[in-house]
Amino acid sequence: MSDATTKDTAPLHHGEEPLIAGNPSFGEVTDKISRIVERKTPRVWLLALLLTGSLALVLLGSIGKLVWEGIGIWGLKVPVGWAWDITNFVFWVGIGHAGTLISAILFLMRQRWRTSINRFAEAMTLFAVICALIFPGIHVGRIWIAYYMFPLPNQMGMWPNFRSPLLWDVFAVGTYFTASLLFWYTGLIPDLATLRDRAKNKIRKIIFGILALGWRGGNRQWKHYELAYLILAGISTPLVLSVHSVVSTDFAVSIIPGWHTTIFPPYFVAGAIFSGFAMVMTLSIIARKVFGLENYITVNHLEKMNKIMLLTGMMVGYAYSIEFFMAWYSGNQYEIFTFINRATGPYAWAYWTMITCNVIVPQIFWIKKWRRSLPVMFVASILINIGMWFERFVIIVTSLSRDFLPSSWDYFRPTFWDISTFVGSFGLFLSLFLLFVRYLPIISMAEVKGVLPQADPHFYAHKSHRVSEEENK
């Protein structure tokens with residue numbers, strides 16, 4: 001590696017706990033991670049893919065029914081014109097935030113602990129955004145003219161309405177997906193070359209050879225790689241803040257009480273990072289156990305993520321309280337009613353589920369014993385994502401179900417097709433993730449090697465010095 005990589009990923013100082021346990025050599029890192037891809041397909045993996053693929057087919061069937069019958073098959077009606085469709089969209093966009101945060105922002109801040117979890121966090125980002133992109137396309141009703149959302153000339157000579165929040169979503173999420181895909185693929189290139197060189201099957205060698213783009217690991221290639229990676233990290237960092245700010249502005253530009261507020265952009269970004277890290281936590285605990293990666297994804301890595309979830313959870317809780325304060329301070333009777341209705345009205349059960357999962361559950365991470373307990377953090381991560389889904393549901397449905405006219409108030413109830421579409425999106429997400437962990441390296445071999453003690457240029461000098469001292473004794 002070049003001097004820049006050595007400087008950025010230098011190992012910890014003596015006396016600090018190592019990032020990678022077990023003190024593996026460079027070769028052992030390559031063997032351990034590569035064998036996950038190279039081994040024969042496990043039967044358990046096939047069964048898991050069969051289950052998640054079946055759920056993905058449920059999504060496909062639900063979309064087919066939607067196209068055939070129309071959005072009337074959902075529980076939407078006056079006054080609730082948005083419900084689970086937009087709730088699921090915002091939920092999945094939020095899930096995708098942790099990957100870019102871990103990869104880009106922590107990379108720019110030189111946080112070396114990210115190297116063990118950034119690869120599958122980035123992959124999770126892509127798969128979550130794919131799930132999110134489905135919902136803006138299918139909730140518009142006339143799916144066959146969804147191309148109106150793109151700034152392309154069409155047979156009517158019409159152009160999209162650039163003042164439409166729907167169009168803002170297309171640009172924001174599309175840009176985010178493109179930048180995340182480039183960032184993820186750029187980081188994969190050295191590892192793809194390793195798999196190419198180890199491949200014993202000619203077809204695998206050709207496929208990985210094409211994907212590796214002629215990588216040979218020379219000094220010039222490393223310099224270009226590091227520059228490209230740094231530029232993409234710089235591009236991706238503002239996207240973490242901008243994409244969910246745009247999604248939140250969908251609501252903020254309206255005049256609906258409970259939506260018309262300037263706190264939404266920072267509030268949504270904090271919530272997105274909160275839910276994204278919870279999903280990374282859930283997947284990383286499972287992956288480290290299934291693939292025996294306890295030395296690479298250590299409890300220290302998980303504890304650091306728990307601290308970030310504690311921080312962002314407190315930010316979300318603060319936003320909840322500020323919303324009530326601003327409603328009272330505004331003196332607007334409609335705003336005041338909306339927030340009282342959330343806590344005491346017909347959807348109070350959803351509101352207090354949200355408060356319990358998002359505000360109370362993360363407080364257990366103040367206790368170090370629980371912060372380092374795998375069962376506790378696994379259950380907590382699932383509860384947090386449940387709470388974050390309910391947050392979006394509460395914001396959207398409670399604000400719409402009781403609008404300015406009491407004569408049009410109604411209670412939203414999801415239909416079978418609302419539920420099947422949401423459950424099916426999880427099937428698509430998990431199917432894509434299973435394909436990823438089977439055919440691509442789940443941990444970045446090149447970056448993990450950079451945080452090993454052997455990567456320190458002074459490591460062998462210190463080692464030989466200690467050996468000579470022992471010999472003198």
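Heads up: these notes are all about the structure in this document. Keep in mind it's a predicted model, so treat the numbers as computed, not measured.

So, on to the overall build of the protein. In terms of regular secondary structure, the protein is built from 18 helices and zero strands. Taken against the 2.2 N^0.38 rule, which gives 23 Å for 473 residues, the C-alpha radius of gyration of the protein at 24 Å falls within 12% of a compact globule. Across its three principal directions, the C-alpha atoms of the protein cover 90 × 50 × 40 Å. Only carbon and sulfur atoms are counted for the fraction: they give 68% of the accessible area of the protein, which is about 22100 Å². Here the protein contributes 40 positive and 28 negative side-chain charges, whose respective centroids are spaced 6 Å apart.

Together, Met-314, Trp-366, Ile-367 and Trp-370 make up a nonpolar patch on the protein surface, roughly 430 Å² of accessible area in all. Position of Trp-370 among the secondary structure elements: in helix H14 (residues 368-371).

Across the junction of Val-78 and Pro-79, the peptide omega takes the value 5 degrees, indicating a cis bond. Looking at the element boundaries, Pro-79 is found in the loop between helix H3 (43-69) and helix H4 (84-95). Even without a glycine there, the phi angle at Arg-110 is positive, about 60 degrees. Relative to the helices and strands, Arg-110 is located in the loop between helix H5 (97-108) and helix H6 (118-138). Here Arg-110 falls in the partly exposed class, since its relative accessible area comes to 32%. Phi at Leu-213 takes a positive value of approximately 55 degrees, unusual for a residue other than glycine. Within the secondary structure, Leu-213 is located in the loop between helix H8 (202-211) and helix H9 (219-252). Residue Leu-213 is classed as exposed on the basis of its relative accessible area, which comes to 57%.

Mapped onto the elements, Arg-438 comes out in helix H16 (residues 416-439). Buried and unpaired, Arg-438 has Glu-38 as its nearest opposite-charge partner, separated by 9.2 Å. Among the polar contacts listed, one links the side chain of Arg-438 to the side chain of Thr-41, at a separation of 3.0 Å. Apart from the residues lying within four places of it in its own chain, the contact partners of Arg-438 are Ile-36, Val-37, Arg-39, Lys-40, Thr-41, Pro-42 and Trp-45.

This paragraph deals with the layout of surface pockets. The calculated volume of the largest pocket comes to roughly 530 Å³. Residue lining of the largest pocket: 21 residues in total, with Ala-48, Ile-286, Val-290, Phe-433 and Leu-434 positioned closest to the centre. Those elements that provide at least two residues to the lining of the largest pocket are H3, helix H10 (264-290) and H16. Considering each element in turn, the lining of the largest pocket owes the most residues, seven residues, to H16. Grouping the amino acids of the lining of the largest pocket by side-chain chemistry returns 17 nonpolar, two polar and two charged.

Rules used throughout
- Per chain, residues are indexed from 1 in the order of the written sequence.
- It should be noted that, the model being predicted, local features are given only for residues of pLDDT at least 70 and side-chain atom pairs only at 80 or more, the latter also being counted only at that level, while totals for whole chains, interfaces and linings use all residues.
- Based on all heavy atoms of the structure, the side-chain values leave hydrogens and waters out of the count.
- Strands are runs of DSSP state E lasting at least 2 residues, helices are runs of H or I lasting at least 4, and numbering of each runs from the N terminus.
- Using C-alpha atoms as the atom set, the radius of gyration is obtained and then compared with a globule rule of 2.2 Å times the number of residues to the power 0.38.
- Methods summary: accessible areas were calculated by the Shrake-Rupley approach with a probe of 1.4 Å, and residue burial reflects only the protein chains presented.
- Here Asp and Glu are counted as negative and Lys and Arg as positive; His is not counted, and neither are the chain ends.
- For charged residues, the charge sits on one atom: NZ in Lys, CZ in Arg, CG in Asp, CD in Glu.
- Note that patches include only residues with greater than 30% relative accessible area and no salt bridge, and the join distances are 9 Å for like charges and 5 Å for nonpolar side chains (Val, Leu, Ile, Met, Phe, Trp, Tyr).
- Throughout this description, the term salt bridge denotes a Lys or Arg side-chain nitrogen within 4 Å of a carboxyl oxygen of Asp or Glu.
- Buried, partly exposed and exposed residues are distinguished by accessible area as a fraction of the type maximum, computed with a 1.4 Å probe on protein chains only: under 20%, between the cut-offs, and over 50%, respectively.
- Distance and chemistry together define a polar contact, namely a pair of N or O atoms within 3.5 Å, with one atom able to donate a hydrogen and the other to accept it when in protein, and with adjacent residues in sequence counting only for side-chain atoms on both sides.
- In this analysis, two residues are considered to be in contact whenever any of their non-hydrogen atoms come within 4.5 Å of each other.
- Any residue with an atom within 4 Å of a point lines the site, the site being either a cavity, points on a 1 Å grid over the protein atoms alone where a 1.4 Å probe fits but cannot get out, or a pocket, an open set with protein on both sides within 12 Å along at least 5 of 7 lines.
- Grid points are joined across faces, edges and corners, and a volume is the space filled by probe spheres set on the points.
- The nonpolar class holds Ala, Val, Leu, Ile, Met, Phe, Trp, Tyr, Cys and Pro. Asp, Glu, Lys and Arg form the charged class, and all remaining residues, Gly among them, are polar.

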